[in-house]
Amino acid sequence: MDNEYKIKNIAGYLAKVFLTNPLTMILGIAILALGYISLVVMPREEDPQIQVSGGSVIVAMPGAGPQEITNVIIKPLERRISEIKGVDNIYGTAMNNFGMVNVQYIIGEDRESSNLKLYDKVMQNMDGLPTGTLPPLVKPFDIDIDVPVLTVAFYKKEGAKVDNIKLYKKIRDLQQDINAIDNVSKSNLKGAKRPQFNVMIDLDKLSGYHISLGQVAQSIRSISTNAPDIDSPTASNSLVIFGIKNAIEDIEDLKHLIVAQYRGSPIYLKDISNIEYSYDIQNFKSATITYQDDNATFKDAGDQITLEVSKLKGTNAVTIAENVIARLGESKAELDASGVGYIITRNYGTRANEAVNELVHHLLITILIIALILVPFLGWRESLVVTIAVPMILATTLFLAMMTDQTINRITLFAFLLSLGLIVDDAIIVIENIHRHLHLEESKGKDFSELIVEATDEIGPSTNIATIAIMLTMIPMAFVGGMMGQFMLPIPLNVPVALAVSLFVAYVFTPYLAKKLIKHGDDNHDKVPIKTRLYNLTKKVKVSLPWKK
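This write-up is about the structure you can find in this document. (Residues numbered from 1 in each chain as written. Predicted model: local features only at pLDDT ≥ 70, side-chain atom pairs only at ≥ 80, totals over all residues. Heavy atoms only, no water.)

1. Things to note about the overall build of the protein chain
In terms of regular secondary structure, the protein chain is built from 20 helices and 15 strands. Every one of the 549 residues in the protein chain was classed for burial, and the buried ones make up 40%. Once local pairs closer than 6 in sequence are excluded, the contacts in the protein chain between residues at least 24 apart make up 76%. Of the roughly 30,400 Å² of accessible surface on the protein chain, 58% is carried by carbon and sulfur atoms. (Helix = DSSP H or I, 4+ residues; strand = E, 2+ residues; numbered from the N terminus. Buried < 20%, exposed > 50% of the residue type's maximum accessible area, 1.4 Å probe, protein only. Contact = heavy atoms within 4.5 Å. Areas by Shrake-Rupley, 256 points an atom, 1.4 Å probe, with all protein chains shown as cover.)

The structure is reproduced here in structure tokens:
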């Protein structure tokens, strides 16, 4: 046909290829399904994770004072560590017998690479450590697993016959089960009173028997550790190992321990001390809890032990918190029977889920508002086309975010809300031009498919340039450094992607939906909106101004 429209750019080609293709509807349904799956499967967090790298180097030097530690350990280590690229701050601390150097990297530095560089630098300079120092301990800081997603406070119920030791053992057994839950990285106990044998030595008796504290410590140490001794192979080519069993099983073992002799008589540990099996009384840290019961009465439960549960990086905080709470529910009857109660004092999973659900709710409301605004200007059919296109754009963007190992958090969904006013423009421009062409006088009798392709192709260049210009304004945000740059990173990662996807959806699905939903025929020209009638009238009527000749 000589009058057939010649396609000029990618917009028209995409519209023509997908307009009558039976796979277009299947592709659209698949996109919506993948978006929903991504929304359900993607890990949920309240805030995006920030890459914070750092660590501590601990070097022990028994018998050295703070000044000596500073001169021979702290300062040399600080000089060497400052050679590492990406180090932001170095803090050295010197105390009796050991020194510690804390290293903080620039925010955004890769954590694994930073830890490896710190370890390598310390190991390369071990020969520079003075004689008498113990091997250095390099302890990296891991913010991904150091921040707990769930904290549970365990306490002794009123009137319960449970002491601090039984409380600790009961929670320790439960902690072991929680550590076995999938994607739980680690768990810690805060405020725990750990059991131990306490030997309260009478210094007056110690002096009277002319015994030193070192003798007492050496005697206790000799029966509290295993010391295997490997003998030579036997005729059957096997090894004989002699071991010393840990002899401390109860208080009586300690009471009858001989620590010295005085005037030919043995001096037992019970002669110079008071021995009891209790908790670590040398630990002055403790935690108490006050809670509100069902009758809204505040009660002081005294000492409590808080169990902190952390998750692996990139995993779903909501699911992990739910699994831990379910495990606690299974042990509730056993804990109640033992007189132990618990209160969940922090649930990061619930907060993350509420934040995500609230923003998703607002996202749906915004889409509905956009649809209602378009009805009086374009008609309900055209408005429905745009309304369907918007979830398809968001679904595709969400799926791409999941494929790039992102998480759903407040900033990710804020990026979607921010881009919502931008991504609807492409679909509105396409459907509005189709709407305009549909009501032009010269469009009468023209094939509807050809009309749609022509209308889509006509606005392609200007729409492409406008969308790309907006994308370029968002990309520089990805290069912002520091903590704010890390926190706001989901915006430059998702907004340009959503804008690029909006072009694809506008050129592929908007023409397809317009062909399916919008009626085409001569009856449409009888229902032309006022705006289009005025536009057509200006093309037909030549206005003659009175002052022109």
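2. Quick look at the pattern of salt bridges
For the structure shown, the criterion picks out 8 salt bridges. In this structure, the salt-bridge partner of Asp 177 is Arg 327, at a minimum N-O distance of 2.7 Å. One end of the pair, Asp 177, is in helix H6 (residues 164–179); the other, Arg 327, is in helix H11 (residues 317–330), with 150 residues separating them in the sequence. Among the salt bridges present, the one from Arg 436 reaches Glu 458, with a minimum N-O distance of 3.0 Å. Taken as a pair, Arg 436 in helix H15 (residues 410–438) and Glu 458 in helix H16 (residues 448–458) lie far apart in primary sequence, 22 residues in all. What you see here is one network of salt bridges that share partners, running through Arg 80, Glu 83 and Lys 121. (Salt bridge = Lys/Arg side-chain N within 4 Å of Asp/Glu carboxyl O.)

3. Brief notes about empty space enclosed by the protein
Summary: where empty space remains is shown by rolling a probe the size of a single water molecule over the atoms. Enumeration over the complete set of coordinates arrives at 1 cavity of 30 Å³ or more. Its boundaries defined by the atoms lining it, the largest cavity holds a volume of some 30 Å³. The wall of the largest cavity is formed by Asn 164, Leu 167, Gly 191, Lys 193, Asp 303, Gln 304 and Ile 305. Considering each element in turn, the lining of the largest cavity owes the most residues, 3 residues, to strand E14 (residues 298–311). (1 Å grid on protein atoms, 1.4 Å probe; cavity = no way out; pocket = protein on both sides within 12 Å on 5 of 7 lines; lining within 4 Å. Points joined across faces, edges and corners; volume = space filled by probe spheres on them.)

4. Here we look at the layout of surface pockets
As a volume, the largest pocket reaches approximately 490 Å³. As for the largest pocket, its lining consists of 23 residues, of which Gln 49, Gln 51, Lys 313, Asp 405 and Leu 489 are closest to the centre. Mapped onto the lining of the largest pocket, the elements with two or more residues apiece are helix H4 (111–124), helix H5 (143–146) and helix H19 (490–517).

5. Brief notes about the side chain of Ser 383
With respect to the element layout, Ser 383 can be found in helix H14 (residues 380–403). A residue is classified by how much of its surface remains accessible, and Ser 383, at 3% relative accessible area, is buried. If we ignore the near neighbours within four places in the chain, the residues touching Ser 383 are Ala 371, Leu 374 and Val 375.

6. What about a nonpolar patch on the surface?
A contiguous nonpolar patch, built from Leu 34, Tyr 36, Ile 37, Val 40 and Val 41 and spanning about 480 Å² of accessible area, is present on the exposed surface. Position of Tyr 36 among the secondary structure elements: in helix H2 (residues 23–41). Given a relative accessible area of 58%, Tyr 36 falls into the exposed group. (Patch = residues over 30% accessible without salt bridge, like charges linked within 9 Å, V, L, I, M, F, W, Y side chains within 5 Å.)

7. Topic: H19
In this model H19 runs just 35 Å from its N-terminal to its C-terminal C-alpha over 28 residues, more than 12% under the 40 Å that 1.5 Å per residue would give. At Ala 506, H19 shows its maximal kink, close to 35 degrees. By the criterion of burial, H19 is predominantly enclosed, with 21 of the 28 residues buried. (Expected span 1.5 Å × (residues − 1). Bend = angle between axes of the 7 residues up to and from the residue.)

8. Re the environment of Val 147
Assignment of secondary structure puts Val 147 in the loop between H5 and strand E5 (150–156). Look at Val 147 and you get partly exposed, because its relative accessible area is 41%. Along the backbone, Val 147 and Val 309 are 162 residues apart, and their C-alpha atoms lie at a distance of 8.5 Å.

9. Observations concerning the nonpolar core
If you look at the biggest cluster of nonpolar residues, it comprises 61 residues, and the most contacted ones within it are Val 390, Leu 394, Leu 420, Ile 423 and Tyr 507. Elements with a minimum of two residues in this core: helix H1 (10–19), helix H13 (348–378), H14, H15, H16, helix H17 (460–474) and H19. Per-element accounting of this core gives the leading share, 14 residues, to H19. Look past the residues within four positions of Ile 423 in its chain and what remains in contact with it is Val 390, Ile 393, Leu 394, Ala 498, Leu 499 and Ser 502. Ranked by size, the runner-up nonpolar core spans 25 residues in total, among them Leu 174, Ile 181, Val 309 and Val 340. (Core = buried A, V, L, I, M, F, W, Y, C linked by side-chain atoms within 4.5 Å.)

10. With respect to the pairing of strand E3 (residues 98–105)
Burial along E3 is one-sided: the face carrying Gly 99, Val 101, Val 103 and Tyr 105 is buried and the face carrying Phe 98, Met 100, Asn 102 and Gln 104 is not. As judged from the 7 bridges shared by strand E1 (residues 53–60) and E3, these two strands associate in the antiparallel manner. The partner of Gly 55 across the bridge, within E3, is Val 103. Pairing of strand E2 (residues 87–95) with E3 involves 8 bridges; the strand directions are antiparallel. Within E3, the residue paired with Ile 90 across the bridge is Val 103. (Pairing = 2+ DSSP bridges.)

11. A short note on the packing of H16 against H19
Packed helices, taken two at a time, are described by their axes: the angle between them and the distance between them. Running from N to C, H16 and H19 point in directions that differ by 145 degrees, and their axes come no closer than 10 Å. The interaxial crossing formed by H16 with H19 has right-handed handedness. Counted together, Phe 448, Ser 449, Ile 452 and Thr 456 of H16 and Tyr 507, Pro 511, Ala 514 and Lys 515 of H19 form the full contact between these two elements. Residues that form the contact of H16 with H19 fall into these classes: 5 nonpolar, 2 polar and 1 charged. (Axes fitted to C-alpha atoms, helices over the stretch in contact; angles between N-to-C directions. Left-handed = near helix turned anticlockwise from the far one by under 90°. Nonpolar A, V, L, I, M, F, W, Y, C, P; charged D, E, K, R; others polar.)

12. Here's the deal with the environment of Met 126
Tracing the sequence through the fold places Met 126 in the loop between H4 and strand E4 (137–142). We classify Met 126 as partly exposed; its relative accessible area is 35%. For the pair Met 126 and Leu 77, spaced 49 residues apart in sequence, the C-alpha separation works out to 9.9 Å.

13. A word on H6
Compared with an ideal rise of 1.5 Å per residue, which puts 16 residues at 22 Å, H6 spans 22 Å between its outermost C-alpha atoms and is within 8% of the ideal. For H6, every residue scored as buried is listed here: Asn 164, Ile 165, Leu 167, Tyr 168, Ile 171, Leu 174, Gln 175 and Ile 178.

14. Comments concerning unusual backbone geometry
Phi at Asn 97 is positive, roughly 80 degrees, even though this residue is not glycine. Taking the relative accessible area as the measure of exposure, Asn 97 reaches 37% and is therefore partly exposed. Even without being glycine, Asn 183 reaches a positive phi, approximately 70 degrees.

15. Some thoughts on the packing of aromatic side chains
Taken as a whole and assessed by the stated rule, the structure comprises 4 aromatic pairs. Ring centres of Phe 18 and Phe 504 lie 6.3 Å apart, and the angle between their planes is 80 degrees; this geometry places the pair in the edge-to-face category. A residue pair is termed long-range when its members are at least 10 positions apart, and Phe 18 in helix H1 and Phe 504 in helix H19 qualify at 486 residues. When its relative accessible area of 18% is taken as the criterion, Phe 18 is described as buried. Relative to Phe 509, the ring of Phe 504 lies with its centre 6.3 Å away and its plane at 75 degrees, an arrangement referred to as edge-to-face. Aromatic ring contacts, followed pair by pair, group Phe 18, Phe 504 and Phe 509 into a single cluster. The ring of Tyr 268 has Lys 270 sitting right over it, with the charged end atom 5.8 Å from the ring centre. (Phe/Tyr/Trp six-rings, centres within 6.5 Å; stacked < 30°, edge-to-face > 60°. Lys NZ or Arg CZ within 6 Å of the ring centre and 35° of its normal.)

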